Amino acid sequence: ILDPATGTGTFIAELIEQREQALLQTDWNTYPDSIDKFLAVEFEEINSNGKVTARQDVVNWLLHKDNTVQWTFKDFRVRVLTDEIVLAIYSARSSANLDGNFKDSIRTSIWHYQDGQWKMVFHQATQLMEP
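An account of the accompanying structure is given in this report. (Residues numbered from 1 in each chain as written. Predicted model: local features only at pLDDT ≥ 70, side-chain atom pairs only at ≥ 80, totals over all residues. Heavy atoms only, no water.)

### Considerations on the pairing of strand β1 (residues 39-46)
No. 1: With four bridges connecting them, β1 and strand β6 (residues 117-127) associate as parallel partners. For Glu 45, the partnering residue across the bridge sits in β6 and is His 123.
No. 2: Of the strand pairs in this sheet, β1 and strand β2 (residues 52-54) are connected by three bridges, and their pairing is antiparallel. Bridged to Ile 46 within β2 is Val 52.
No. 3: Between the end of β1 and the start of β2, which pair antiparallel, lie five residues, with Gly 50 showing a positive phi angle near 85°. (Pairing = 2+ DSSP bridges. Helix = DSSP H or I, 4+ residues; strand = E, 2+ residues; numbered from the N terminus.)

In structure tokens:
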């Protein structure tokens with residue numbers, strides 16, 4: 001699959017996975033203006049509680065999140081919907097909190113190639129409960 005940004009055979013799944021990781025791992029207080037390179041103006045999210053969350057609420061979360069939390073992805077895959085739209089599907093696990101528990105979730109994101117870069121337009125996180 002060609003990456004519209006470079007016109008090369010960059011594997012799009014790797015690029016999108018890197019952007020997903022960057023959203024969770026970056027200390028956005030250092031680069032607050034860079035959030036616009038990742039989240040589209042029309043971005044919205046359905047959070048793990050099932051609530052539709054506006055872009056500004058997610059930006060506020062990114063700016064105030066605990067940057068010591070580390071995330072690992074599993075089973076990351078991308079489904080190409082059009083040349084400029086892809087769907088990312090994966091499992092994510094956050095590092096252990098103080099009581100030693102992990103948070104696992106299934107995540108989906110829609111990425112749209114616009115303004116010369118891939119931007120997330122939609123995200124949904126579904127928290128997995130312990131069996």
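### Focus on the nonpolar core
No. 1: Grouped together as the largest cluster of nonpolar side chains are 26 residues, with contacts concentrated most on Ile 16, Leu 23, Leu 39, Trp 111 and Trp 118.
No. 2: Secondary-structure elements contributing two or more residues to this core are α1 (12-25), β1, α2 (55-64), β3 (71-82), β4 (85-94), β5 (103-114) and β6.
No. 3: In terms of residues, this core owes the most to one element, α1, which gives six residues.
No. 4: Leave out the neighbours within four places in its chain, and Leu 39 touches Leu 23, Arg 55, Val 58, Val 59, Leu 62, Lys 119 and Met 120. (Core = buried A, V, L, I, M, F, W, Y, C linked by side-chain atoms within 4.5 Å. Buried < 20%, exposed > 50% of the residue type's maximum accessible area, 1.4 Å probe, protein only. Contact = heavy atoms within 4.5 Å.)

### Quick word on the sheet that holds β1
No. 1: The mixed open sheet is built from six strands, whose spatial order is β2-β1-β6-β5-β4-β3. Each end of this open sheet is capped by a strand with a single partner; those strands are β2 and β3. Averaged over all pairs of adjacent strands, the angle between strand axes in this sheet comes to 20°, irrespective of strand direction.
No. 2: Helix-sheet contacts for α1 involve β1, β3, β4, β5 and β6, and the interaxial angle to β3 is about 130°.
No. 3: Those strands touched by α2 are β1 and β2, and its axis lies near 85° from that of β1. (Axes fitted to C-alpha atoms, helices over the stretch in contact; angles between N-to-C directions.)

### Some words on the pattern of salt bridges
No. 1: If you walk through the whole model with that rule in mind, you get three salt bridges.
No. 2: A salt bridge links Lys 119 to Asp 115; its shortest N-O distance comes to 3.4 Å.
No. 3: A relative accessible area of 9% places Lys 119 in the buried class. (Salt bridge = Lys/Arg side-chain N within 4 Å of Asp/Glu carboxyl O.)

Nothing here speaks to function; it is all geometry.
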